[in-house]
Amino acid sequence: SDYFSSITGLEQLLHTEHTLMSDLNAQLAQARTILKQLEKELAAIEVEHALAARGTENYLTNPINIYRLMKRLHNDWSQLESRAQQMSSQIHFNITQQHYELNFPSQEDVDGAALALVRLQSTYKLDVAQVAAGILNGIKYGTDMSWQDCFVLGQQLFEMEDYNNTKVWLRESMERLRRHQPGQQSSAAEPAIVNSMETVAKSLFQMGDFDTAYELSQRVLELDPSRIRNWHLGDKAAKPSSNQGDESDEDAAAQLQQTDAYKLTQEFEQYEKVCRGEVIASPAQQRPLRCRYTHGHHAYRVLAPLKLEEHHLDPLVVTFHDMLSTQKIAELRQMAVPHMKRSTVNQMRGSSHRMKSAFRVSKNAWLAYNTHPTMGRMLRDLHDATGLDMTYCEQLQVANYGVGGHYEPHWDFFRDTRHYPAEEGNRIATAIFYLSDVEQGGATAFPFLNFAVRPQLGNILFWYNLHRSLDMDFRTKHAGCPVLKGSKWIGNVWIHSATQTFARPCDVYRDNEISEDYQIIK
Ligand SMILES: O=C(O)CCC(=O)C(=O)O
Ligand SMILES: [Fe+2]
């Protein structure tokens, strides 16, 4: 399970399908051999009949022909019969029995993948027709989705009670079906899909989406005109009790309100805009920012200075460029892969129970710094760059986001003191090592600060989560935007505050008030 949350599991699924393909291929090859023989024997009999047709009497007065006819009907045909039966019985293609050792996605996985596709489409405002054509932000990546693909996705969204997106995908499916040349082979739709279309049309009708229901019904009739008979009978099966329909409707609406309240806030809208790159920092905001060389806090860096890029000054958010080589990154990722598990989030404030969530779709692994010399180096470099003391930092968290993977806006500091050891202090700073590039999407976004940082292999993104007073800086809310194309790898280092008194002394006045307004979700 959880194949959709990162790329590592997907490779297993590719393997599963590869096994099924070669198995079915082997079975078909065997069947084909028998089929060829059968064809040859049939052709031989056909030759006899061609001869007979030229003169039946002449043919049937030949004793050899008479004998062969008798023999054929008495022996040969029953042999042909058993051969044909043998051929069909020889195709042993039983997925569950033969391949119990293979990994298959669960319903949850399929739902997760559907959700990912829809998340991308809404976050990046993608045109459904383009997505269905395999085009992401103007670049054609893969094959088109068939009308059936779009329909099944729409149906699934319907079952997941995402009605707005249901409509969009069903309409795309119908559009594709309409454009579909009638001459093409799949115009003879399987009854199963026509059944589903009928069912979905009925449900849409009951929910009051008459346009889509009508559209769908028209297509059903084109595929199978005889179905109209079922529609006028007013039978019970065709009309689920209206009571039931209303109830589930209310449920759906209530659920939608609850889970999606945040999605409707201005804050979330702003987050999505930042992900899309639609928010451009004002000149006033940009003017004081610099890209420069620095020797950080280590004399050695005078000779090999660090490339520092400032994104924001207060709170401080910066990038250190080219801090890890491709080779070392490959080693790190390899070490992490066997330990990767679906990421979780704290269920509630004060609760230590952690759970999977659509809020955070990725996989991660925690690695101790003594696992590999590279990791010790990473901490030293981080110390040299920032001057912070690395005594209390959490293990390296390597995370991988697959397509559609994301992490919705959150703060990295703990708001509940029970979530960190008092002697270590809260998470004063976050360093994200980017362990991959991402082709499209996947930026780290700061919705309150109006910018997003694109992952760039080898870079470190660094920021302070706390004010100098060690109060929480609520302006540091940030997120991992959905990955649109590619796979995103990061390594998180969370540095705690207890030993930073000299590295980052507090000011003479408390500086926390400036960020307090950002605590309230708008
Ligand atoms: O994926 C990102 O860019 C951000 C990750 C993050 O914020 C986290 O893991 O806490
Ligand atoms: Fe974070």
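Residues numbered from 1 in each chain as written. Chains lettered and ligands numbered in written order. Predicted model: local features only at pLDDT ≥ 70, side-chain atom pairs only at ≥ 80, totals over all residues.

(A) Quick peek at the pairing of strand E20 (residues 488-496). Of all 9 residues that make up E20, 8 are buried, and the element is covered over most of its length. Sheet topology places strand E11 (residues 396-401) next to E20; 5 bridges connect them, and they run antiparallel. Paired with alanine 399 across the strands is isoleucine 490, a residue of E20. Pairing of strand E13 (residues 427-434) with E20 involves 7 bridges; the strand directions are antiparallel. Looking across to E20, one finds that alanine 431 is bridged to valine 493. (Buried ≥ 20, exposed ≤ 12 C-beta atoms within 10 Å, placed from the backbone. Helix = DSSP H or I, 4+ residues; strand = E, 2+ residues; numbered from the N terminus. Pairing = 2+ DSSP bridges.)

(B) How the structure looks around the environment of isoleucine 139. Relative to the helices and strands, isoleucine 139 resides in strand E2 (residues 139-140). Here isoleucine 139 falls in the exposed class, since 12 other C-beta atoms lie within 10 Å of it. Between the alpha carbons of isoleucine 139 and valine 345 there is a distance of 34 Å; along the sequence they are 206 residues apart.

(C) Molecular detail of the sheet that holds strand E9 (residues 360-361). The 5 strands lie next to each other as E9-E12-E18-E15-E16, forming an open sheet whose pairing is antiparallel. Each having just a single partner strand, E9 and strand E16 (451-453) make up the two edges of the open sheet. Where E9 meets strand E12 (residues 406-410), 2 bridges bridge the pair, whose relative direction is antiparallel. From the neighbouring strand, valine 361 faces E12, where its bridge partner is histidine 406.

(D) A look at the packing of helix H7 (residues 147-159) against helix H9 (residues 191-207). It is the contact of H7 with H9, at a shortest axis distance of 11 Å, that shows an interaxial angle of 40°. As summarised for this structure, H7 and H9 are arranged oblique, according to the angle between their axes. The interaxial crossing formed by H7 with H9 has left-handed handedness. Taken together, the residues of H9 that come into contact with H7 (itself represented by Gln148, Phe151, Gln155 and Phe158) are Ile193, Ser196, Met197, Val200 and Ser203. (Axes fitted to C-alpha atoms, helices over the stretch in contact; angles between N-to-C directions. Parallel < 35°, antiparallel > 145°, perpendicular 65-115°, else oblique. Left-handed = near helix turned anticlockwise from the far one by under 90°. Contact = placed C-beta atoms within 7 Å.)

(E) Local environment of the site of ligand 1. Near ligand 1 the following residues occur: Ala399, Tyr407, Asp412, Ile432, Thr444, His478, Gly480, Ile490 and Asn492. Counting only elements with at least two residues in the shell around ligand 1, the list comes to strand E18 (478-480) and E20. Residues belonging to the shell around ligand 1 are distributed by class as follows: 4 nonpolar, 4 polar and 1 charged. (Near = placed C-beta within 6 Å. Nonpolar A, V, L, I, M, F, W, Y, C, P; charged D, E, K, R; others polar.)

(F) Quick look at the sheet that holds strand E17 (residues 460-464). One open sheet holds the 9 strands; their spatial order is E3-E4-E5-E17-E13-E20-E11-E10-E6, and the pairing between them is antiparallel. If you trace the sheet from one side to the other, it starts and ends with strand E3 (291-294) and strand E6 (341-342), each paired once. The sheet contact formed by E3 and strand E4 (residues 306-312) spans 4 bridges and is antiparallel. Looking at the pairing, tyrosine 293 lines up with lysine 307 of E4.

(G) Summary view of the UniProt feature "repeat: TPR" (unreviewed entry) in the protein. UniProt records the feature "repeat: TPR" (unreviewed entry) for residues 194-227 in the present numbering. Taken end to end, residues 194-227 comprises 82% helix and 0% strand; its first and last C-alpha atoms sit 9 Å apart. (UniProt positions renumbered as here; feature names shortened; annotations may be inferred.)

(H) Expanded view of the pairing of E12. Pairing of E12 with E18, which is carried by 2 bridges, proceeds in the antiparallel orientation. Across the sheet, the residue bridging to tyrosine 407 is glycine 480, located in E18.

(I) Main features of the domain arrangement of the protein. According to the domain assignment, the protein contains domain 1 (3-98), domain 2 (107-260) and domain 3 (282-519). Taken residue by residue, the interface counts 10 residues in domain 2 and 10 residues in domain 3. Broken down by element, the side of domain 2 that touches domain 3 gets its largest block of residues, 6 residues, from helix H5 (residues 107-123). For the side of domain 2 that touches domain 3, the per-class residue count stands at 7 nonpolar, 2 polar and 1 charged. (Domains from an automatic or database assignment.)

(J) Looking closely at the UniProt feature "domain: Fe2OG dioxygenase" (unreviewed entry) in the protein. The positions UniProt marks with the feature "domain: Fe2OG dioxygenase" (unreviewed entry) are residues 392-497. When the span residues 392-497 is considered, its composition is 0% helix and 44% strand, and the gap between its end C-alpha atoms is 8 Å.

(K) Seen up close, the confidence of the model for the protein. Model confidence for the protein is summarised by a mean pLDDT of 84, while 89% of its residues fall at 70 or above. Within the model, pLDDT remains below 50 along residues 233-258, and this stretch shows 11 contacts once partners closer than five positions in the same chain are excluded. Model confidence for the complex: the whole-complex pTM is 0.77, and ipTM, which rates the interface, is 0.99. (pLDDT = per-residue confidence, 0-100.)

(L) Spatial organisation of the environment of leucine 466. Inspection of the secondary structure assignment puts leucine 466 in the loop between E17 and E18. Separated by 453 residues in the primary sequence, leucine 466 and leucine 13 place their C-alpha atoms 42 Å from one another. Apart from residues no more than four positions distant in its own chain, leucine 466 is found in contact with Phe413, Asn426, Ile428, Asp471, Met472, Asp473 and Ser497.

(M) Main features of helix H16 (residues 373-386). The first and last C-alpha atoms of H16 sit 20 Å apart over 14 residues, in line with the 20 Å expected at 1.5 Å per residue. What H16 keeps buried is the set Met375, Met378, Asp381, Leu382, Ala385 and Thr386. Projected onto a plane normal to the axis of H16, the buried residues spread over an arc of 115° and lie on a single side. Facing away from the buried side of H16 by over 90 degrees, the exposed positions are Pro373 and Arg380. (Expected span 1.5 Å × (residues − 1). Arc of directions from axis to C-beta.)

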